[in-house]
Amino acid sequence: MRLVSDPAYDEVDLSASAEELNRLADAVALGKGLFTSSPGGDVLAGVEVKNAPGPGVFIGLDSERQVLVISGDSAGRAVLADNLRGMATAEDGGHLHLESPGHDYLVEGSVPLVVNSPHGGMPAR
């Protein structure tokens, strides 16, 4: 898994294998987990998933630890987990932009997150 914080666009770019995305989706659904990121450049140290009262999911940056934090209620986390699994199984490539507004389950002020397909690039359609 690789998490790159892009200050120019104020977003985080997530690249991972299908297996890693599925493990992250499982942790998001469960409401707990900690993942490390591949080192180098503007790469964040990892992702922490936490259960929190809702409504919705908040995606934030812990700048002290350089960790992306995903927290929220079970209903919002279930939707996010489904979106992550969808990217893990997307066979034609592409990426998913998770930002608020635009995704009703995300709390306003969440850090925009781009999840890349393990198959890379733009969709082949």
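The structure reproduced in this document is the subject of the present report. (Residues numbered from 1 in each chain as written. Predicted model: local features only at pLDDT ≥ 70, side-chain atom pairs only at ≥ 80, totals over all residues. Heavy atoms only, no water.)

Describing the pattern of salt bridges
Now for step 1: Considering all chains together, one arrives at 5 salt bridges under this definition.
Now for step 2: A salt bridge links Glu48 to Arg65; the shortest N-O distance between them is 2.5 Å. Of this pair, Glu48 sits in strand E4 (residues 46-51) while Arg65 sits in the loop between strand E5 (57-62) and strand E6 (67-72); the two residues are 17 residues apart in sequence, bridging distant segments of the chain.
Now for step 3: For Glu48, a relative accessible area of 18% gives the class buried.
Now for step 4: For Asp82, the salt bridge goes to Arg85, with nearest N and O atoms at 3.8 Å. Of the two residues, Asp82 and Arg85 both sit in helix H2 (residues 74-89), 3 residues apart, roughly one turn of that helix.
Now for step 5: What makes Arg85 partly exposed here is its relative accessible area of 28%. (Salt bridge = Lys/Arg side-chain N within 4 Å of Asp/Glu carboxyl O. Helix = DSSP H or I, 4+ residues; strand = E, 2+ residues; numbered from the N terminus. Buried < 20%, exposed > 50% of the residue type's maximum accessible area, 1.4 Å probe, protein only.)

Overview of the side chain of Glu11
Now for step 1: Along the polypeptide, Glu11 turns up in strand E2 (residues 11-15).
Now for step 2: Beyond its immediate stretch of four places on either side in the chain, Glu11 contacts Val4, Ser5, Asp6, Val111, Pro112 and Val114. (Contact = heavy atoms within 4.5 Å.)

Brief notes about the side chain of Ser71
Now for step 1: Relative to the elements of secondary structure, Ser71 occurs in strand E6.
Now for step 2: Residues within four places of Ser71 in sequence aside, it is in contact with Lys50, Ala52, Gly56, Val57 and Phe58.

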